[in-house]
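Summary of structural features
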Amino acid sequence: MDSSTNSLDDASADSSAEFPDRASTMEVRLQAQEDEITLLKSSLADALRRIRLHDKLLPLLKQQLIAVNPGAARVLNQVSCSDGCTSSRKLSSSSAVDGICHRATSQLSDSFVTSANGHTESPVSMNLRPRPATLNRSTQTEPILPGQDTGQDRAPLPRRVRSLQLEDALTQGKPEVEGTRAKLHRVPGLEEEYEEQEEDEEGGEPEKELSWTSSVEEPIQPTTIRGLQRDDCQDGSCSPEKLGSSSASVRTSDQNLSSRSGPLNAIQEGEKKLLVRRNSEKLGNPERQRKRLDKKAASSANLLTRSPSLENRAKELVTGAGSPGSRRGTYSQEMSIKMFIRGRPITMYIPTNIHNYEDLKMEPPSERLELDWVYGYRGRDCRANLYFLPTGEAVYFIACVVVLYHINNRTQRHYQKHTDCVRCLTLHPDKVRMASGQMSGVDKDGKPCVHIWDSITLVTLQQIGLGTFQRGVGLVAFSFADSGAFLCVIDDSNEHMLSVWDCNKGTKHAEVKNTNEAVFAVEFNPSESGNIITCGKSHVYFWTLSAGQFTKKQGIFGKYKKPKFIQCFVFSLTGDVLTGDSEGNILTWGKSAADVKTLGKGAKETLQIMKQTRAHEGSVFTLCTLQDGSLLSGGGKDRKIIRWSADLAPERECEIPEKYGAVRTIADVDGKELLVGTTRNAILRGTFSDGFVAIVQGHVDEMWGLATHPSQSIFITCGHDKQVCLWNAEEHKLDWCITLEDYGLCAGFCPNGSVVSVGLSTGRWMVLDLKTREVVSESIDGNEQLSVMRYSPDGSFLAVGSHDNFIYIYNVTESGRRYTRFGKCNGHSSFITHLDWSKDGKYIMSNSGDYEILYWDIAAGCKLLRNRFESKDREWASYTCVLGFHVMGVWMEGSDGTDINALCRSHSERVVAVADDFCKVHLFQYPCPKPKAPSHKYEGHGSHVTNVCFTHSDSHLLSMGGKDTCILQWRVMGGGGGDRRERLASASATSTSTSTSSPEPATS
């Protein structure tokens, strides 16, 4: 009982490590206890069954011996009297516990040959010698030498030298035949087990080797002595001539024993009756019943994989019950392994080329990733986030990366020290240093803070406010009058705290509550570092900082209509403040004497509107002053950029294309050329006379669909913004973009590379020609969204995975331009998430939302393969399924099943890239079948990573963010030669040759 309790505690401890949630832990503990109880019952039933079978067998053997040779009774009685108990009982019990080979206990007809004159001869000696190390020594007697008369009485010898020899009870007639052994009567139940065991050893179905011995409900089949002589021939211990003579002896002995068979009924020649135990029901076909019991017992054997303690406990139980059960019980570890996701077990079958799974060593891949290019710009919800440096680089941000893009050389550099989304950016007066603020992250490293860094070396000079700001940093600004000695920060807390920091020391100088309303802009007065202005929803505040204390004055609108939002402001060369608002006006603010009538006696001077200029239809989103004193304004609704003179007279204007959205921010390049950031995440470059062209473009909403071309360095993306974009990975540009009626969620290239299929949110999918961008085919499958589009390796089939739980299969002809329905895979109980084709194009592996792995025979008519074991060695053309033996190690401990959104194996089958729900991209060795496999981890995305994909040559990896609308292109660095099969075989061989496994490296 103590061992059972310890085993249960071990099972609970191991299970709780995988399920930190308390409810899940208790559920697993209870399940482990129930499993071990079932396992103990099964083992106990097996032992009892063996004992009962031997108890019923031994009286029959005694009767057969006495009937053939009455002198045998003397030996049996002598042993029984000297030991004080019945020898037969001890022999049967000892044999059952010790696992004596019952195949050697067959019929006595092999030992006794009845001649033509009716005399009994003994051409074969009974040389059955049990193992003394395991038998009870009280049952052992001294062996009889050949030729010794067994009918004479013998003086009892010491117990330690006594040994019971069945040949002592036989009349010594003819000499012994060397190299032969007689076999005792074979127990029917055990006969079936050993026949099944032999079939397993000779290559039977592997599942049978997982089963335990049958339970107590198994019927006892009476088998005549002659029916088991075939075992002797298989062992080479008899010849056909002996079989003929033995059968005659069998018939004689059967008739003589018919009335003395003890617990067994009479055995008549040729009868096929079943003898059923008294506590059993009447059973039908014995073969059918045996299979049913084996199947039931197999479920007990499968419990071994639940926990290490159960597995070890089962080994002990089975070893005590006998060697056959031990071999069957432990083999299950070599067949499959289970992982649990949200308490649900998922069985993974181990391929045959992995010989020692437990000793496999997982290491990080030799390949590494380096950020090569960033596609996109965050303009939809951020302001004042575009600057131009003297080095010729435009500085902007998206996701967690600040991009420095050289507009002439078309090269990028990246500042990657942020751990979460960058929300604001500003340029130091020296035009070298930058300050950028981030939001709070999903992990402990993602706390809001501000980084001050060098734009030339990309070295972080100061980290400000780590752990001080709440939610995130919304706005930052350097002071000008003192050469940028101070930095003003506004966070995203409810009060939008305004704080001033010493840039060199990184210490807080002053702090004050700002307002509960949204704040859109903050700046120091260029001439006075003690003056700060903020604006936002329905307010303009003028702050004065003195001796570490803030005083605030609110701008008075007076006779002018108070706008809902003050979107932006700048300082003119004369020192006035110009604001742009949601009404489309530019307001000029100045100091004036206080209105005593309105504000009362003692009121000080106020800041009031001096002039109102109508500028745009809709909001004024941005204002930018040029070196000559002129002003640029960018409109929202009208998408216009207007140039104003110093006295706010309009000089020139232009309108940007509608597809780029409204003007979000403007950066001056050289007084003539401008950079314009738009609300649809594009950056334009141009002049008033020549117009504007896009140099940076991106999606504007969540993205999910990603596919790479099979032979070119191009890839396609689609998302919730209803755009389908084709990108050139070598030239780092957008080739073309079209807008659909519904948003796309998945895509896949035809292997010939001429067309691409796109799955939409409505169940409709379409095929686009890459050159003409025309829709060459279109179809609808159900009314649920589509999640995966995958062509077979030869391009003859297209598989469409849907959220209606079906996989639709299409025949593809005319180079991917004609599609006809071939069939439908029906069997998943949840929506399809991922699928892959086998290399021969005949099978599909698919995952679903309820963590199910199914296999399909497409060539056989989309047939579901019930026996998943048969697919363990199948090779797959691609590997994007997140559940499978080869990628089991990518799951983190305690994962809930949604933590990994996508993965992709490289074409070289050396590495696998993983997109997780925590803004990270991982690079694992492939295959990685062991839990907690180490990996290289890369940051850059500011939202859940929705998809990853390698280019056709494995030179680059593409990762796509969700809400951050960012596409990151990673360069694959390093990596040696060698196929993954060679590496796996080498690792398996190494683990097999070593007795102990090395500790796994820590996850990086």
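Residues numbered from 1 in each chain as written. Predicted model: local features only at pLDDT ≥ 70, side-chain atom pairs only at ≥ 80, totals over all residues. Heavy atoms only, no water.

1. Looking at the environment of Asn-585
Condition: Only runs of H or I of at least four residues qualify as helices and only runs of E of at least two qualify as strands under DSSP, and these elements are numbered from the N terminus. Residue contacts are counted whenever heavy atoms from the two residues lie within 4.5 Å of one another. The term polar contact refers here to a pair of N or O atoms within 3.5 Å; inside protein, the definition further demands a hydrogen-donor-capable atom paired with an acceptor-capable atom, and it admits residues adjacent in sequence only when both atoms are side-chain atoms.
You can see Asn-585 is positioned in strand S24 (residues 585–592). Asn-585 sits 35 residues away from Val-620 along the chain, and the two C-alpha atoms are 7.0 Å apart. If near-sequence neighbours (up to four positions away) are discounted, Asn-585 is found in contact with Thr-579, Gly-580, Gln-612, Thr-613, Arg-614, Ala-615 and Val-620. A distance of 3.5 Å separates polar atoms of two side chains, one belonging to Asn-585 and the other to Arg-614.

2. Some details on the confidence of the model for the chain
Worth spelling out the cut-off: pLDDT expresses, on a scale from 0 to 100, how confident the predictor is about each individual residue.
Per-residue confidence for the chain averages 76 on the pLDDT scale, and 67% of its residues sit at or above 70. Note that residues 1–20 has pLDDT below 50 and, in this model, 31 contacts with residues that lie over four places away or in other chains. Counting contacts from residues 82–284, a segment whose pLDDT is below 50, to residues more than four positions away or on other chains yields 372 contacts.

3. Observations regarding the pairing of strand S56 (residues 967–973)
Cut-off, in case you're wondering: The classification of residues rests on relative accessible area computed with a 1.4 Å probe and restricted to protein chains. Under 20% of the type maximum is buried, over 50% is exposed, and intermediate values are partly exposed. Strands are labelled as partners when DSSP assigns at least two bridges between them.
Most of S56 sits out of view: 5 of its 7 residues are buried. Sheet topology note: the strand S5 (residues 368–375)/S56 ladder contains 7 bridges and is antiparallel. Directly across from Leu-371, in S56, lies its bridge partner Trp-970. Pairing geometry for strand S55 (residues 956–961) and S56, over 5 bridges, is antiparallel.

4. Observations concerning the packing of aromatic side chains
So the rule is basically this: Geometry of aromatic contacts follows a simple scheme: Phe, Tyr and Trp rings, the Trp one being its six-membered ring, pair when their centres are within 6.5 Å, and the pair is stacked under 30 degrees between planes, edge-to-face over 60, tilted otherwise. Both a distance and an angle decide whether a charge sits over a ring: NZ of Lys or CZ of Arg must be within 6 Å of the ring centre and within 35 degrees of the ring normal.
All told, the structure shown has 24 aromatic pairs when counted by the stated rule. Both rings, one in Phe-557 and one in Trp-589, keep their centres 5.3 Å apart while their planes meet at 80°; by these two values the pair is edge-to-face. Taken together, the residues span a long stretch of sequence, with Phe-557 in the loop between strand S21 (549–554) and strand S22 (566–571) and Trp-589 in strand S24 at a distance of 32 residues. Each of the two residues, Phe-557 as well as Trp-589, counts as buried. Members of the aromatic cluster, connected to one another through ring pairs, are Trp-765, Tyr-791, Tyr-810 and Tyr-819. Positioned above the aromatic ring of Tyr-541, the side-chain terminus of Lys-552 is 4.2 Å from the ring centre. When the ring centre of Tyr-843 is taken as reference, the NZ or CZ atom of Arg-874 above it lies at 3.7 Å.

5. Concerning the environment of Gly-748
Along the chain, Gly-748 falls in strand S38 (residues 744–749). Between the alpha carbons of Gly-748 and Arg-790 there is a distance of 5.7 Å; along the sequence they are 42 residues apart. If near-sequence neighbours (up to four positions away) are discounted, Gly-748 is found in contact with Ala-707, Val-756, Ser-757, Met-789 and Tyr-791.

6. Digging into the sheet that holds strand S14 (residues 473–478)
Heads up, the condition is: Angles shown run from 0 to 180 degrees and are taken between the N-to-C directions of axes, each axis being a line fitted to C-alpha atoms and, for helices, limited to the stretch in contact.
If you walk across this open sheet you meet the 4 strands as S14-S15-S16-S17, and the pairing is antiparallel. Since the sheet does not close on itself, it has two edges, and those belong to S14 and strand S17 (508–512), each with one partner. Strand-to-strand twist across the sheet, computed as the mean angle between neighbouring axes with direction ignored, equals 20°. Where strand S16 (residues 498–502) meets S17, 4 bridges bridge the pair, whose relative direction is antiparallel. Bridge assignment links Ser-499 to a residue of S17, and that residue is Glu-511.

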